[in-house]
Amino acid sequence: MSDFVIAHHLPDAIAQQLAAKLPAGVTLKRTPKDANWQVPEDAAAMIFLPPHAGVHFPETAPEGWPFNLRWVQTVSTGIDDYPRWAFDVADATCARGVQANAIGEFALASMLALEKRFPDIWIDAADRWYKEQGNPVGTIEGKTIGLIGFGTIGKAIAERAAPFGARVIATRRSSAPIEGPVEFLPLDEVLAQSDHLVLAAPLTPETRNIINAESLAKMKQGAHFVNISRGAMVDQEALVAALDSGHLRFATLDVSEPEPLPEGHVLYTHPKVRLSPHLSWGKGSNPFDPISALIIENARRFMDGRELLNPINRETWY
């Protein structure tokens, strides 16, 4: 295949960076900012920003969809907030695994911060010296880290936790062979045994609200809950109740439902919660670089007629 056009929703600065790295013969064309679905007639592919990034996806496909498109690429790993019609093309790919290492680091950092009591142990006055010395820090050595979901992110967490001497257990839906320092157990066992429990599964009808009053009651007393997946997988009211009762020790949340939470929401100020604005995927000064590399490689494959990386499974929808 020779030249082809890729339509996109990307911000101008990112589009300019990407355009400079694309193979010869590839042209980027932005759809109108006030009409995202006026796709250029000569576009054979399209890059999607997710709906939560401000792009409006109508509930039903625009008239004429998919136009002349033969491939669509998301810049996000999860596709749960896209309408299904958006992937009604010959090839649809996502950014699965691109940010797994960064998210794995974030999850492990959240565990270490809690065990080491950062930033509480940092003193700013002499009278705090003995006060903090009386509250020793913990460790993840010998602790059990549980993973709900074991895709690329779960594997990245396991690989980083094992050298610290942690035991890693996981539950997952897939039966595909997995390499890594992990023991697979039923969900109830993962809930009951985990000192730190990480939600690392995609949002699907089966996983929506998987962390609820019932599952929280099965979690180990004093456990730390970490969510780097999707807020809709958690009953947030039940989570707050488990924290308030003392059943859970702490919660680290990089995602919420909705995003952002409304002003004044309890999760902003709860003393047992650390809430961050969905940034665990960030990597380096330009977090879009790894996604750009994936798009560039898939563009080459598209031009050569080869199989694309990260195809979306239209049965499981992730």
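Our subject is the structure that appears above.
Source: prediction; values computed, not measured.

Okay, unusual backbone geometry next. In this structure, Pro119 follows Phe118 across a cis peptide bond, with omega equal to 0 degrees. Take Pro119: it is sitting in the loop between helix 2 (100–115) and helix 3 (128–133). In this structure, Pro260 follows Glu259 across a cis peptide bond, with omega equal to -10 degrees. Relative to the helices and strands, Pro260 resides in the loop between strand 11 (248–253) and helix 8 (266–269). Of note in the backbone geometry, Phe67 takes a positive phi value of approximately 55 degrees without being a glycine. Following the sequence through the fold, Phe67 ends up in the loop between strand 3 (43–48) and strand 4 (71–74). The backbone of His278 shows a phi angle near 55 degrees, a positive value even though the residue is not glycine.

Any two aromatic rings considered together are summarised by their centre-to-centre distance and by the angle between their planes. Across all of its chains, the model carries 18 aromatic pairs by this definition. Ring pairs connect the aromatic residues Trp37, Phe48, Phe57, Trp65, Phe67, Tyr82, Trp85, Phe87 and Trp317, which therefore count as one cluster. One Lys or Arg, Arg172, reaches over the ring of Phe184 and ends 5.0 Å from the middle of that ring.

Another point: the pattern of salt bridges. For the structure shown, the criterion picks out 16 salt bridges. Two residues, Lys29 and Asp42, come together in a salt bridge whose shortest N-O distance is 2.9 Å. Taken together, the positions of Lys29 in strand 2 (residues 26–30) and Asp42 in the loop between strand 2 and strand 3 put the pair 13 residues apart, joining distant regions of the chain. The class of Lys29 is partly exposed, set by a relative accessible area of 32%. Note that Arg173 and Glu206 form a salt bridge whose closest N and O atoms lie 3.5 Å from each other.

Once that is clear, we can look at the sheet that holds strand 12 (residues 273–275). Taking strand neighbours across the sheet as the criterion, the seven strands line up as 8-7-6-9-10-11-12 in an open arrangement whose pairing is parallel. Pairing within the sheet leaves two strands with one partner each, and these edge strands are strand 8 (183–184) and strand 12. Examined bridge by bridge, strand 7 (residues 167–171) and strand 8 share two bridges and lie parallel to one another. Paired with Ile169 across the two strands is Glu183, which belongs to strand 8.

Let us look at the nonpolar core. Judged by nonpolar contacts, the single largest core of 47 residues is most densely connected at Phe4, Met46, Phe48, Trp65, Val72 and Phe87. At the level of elements, strand 1 (4–8), helix 1 (12–19), strand 2, strand 3, strand 4 and helix 9 (289–304) are the ones that each hand at least two residues to this core. Element by element, the count of residues in this core is highest for helix 9, at seven residues.

To continue, consider the environment of Ser245. Tracing the backbone shows Ser245 in the loop between helix 7 (236–244) and strand 11. Given the relative accessible area of 55%, Ser245 is considered exposed. The sequence separation of Ser245 and Glu132 amounts to 113 residues, and the corresponding C-alpha distance is 25 Å. Within the structure, the side chain of Ser245 is placed 3.1 Å from the backbone oxygen of Ala242, a separation counted as a polar contact.

About the criteria used
Residues numbered from 1 in each chain as written. Predicted model: local features only at pLDDT ≥ 70, side-chain atom pairs only at ≥ 80, totals over all residues. Heavy atoms only, no water. Helix = DSSP H or I, 4+ residues; strand = E, 2+ residues; numbered from the N terminus. Phe/Tyr/Trp six-rings, centres within 6.5 Å; stacked < 30°, edge-to-face > 60°. Lys NZ or Arg CZ within 6 Å of the ring centre and 35° of its normal. Salt bridge = Lys/Arg side-chain N within 4 Å of Asp/Glu carboxyl O. Buried < 20%, exposed > 50% of the residue type's maximum accessible area, 1.4 Å probe, protein only. Pairing = 2+ DSSP bridges. Core = buried A, V, L, I, M, F, W, Y, C linked by side-chain atoms within 4.5 Å. Polar contact = N/O pair within 3.5 Å; in protein donor to acceptor, adjacent residues only side chain to side chain.

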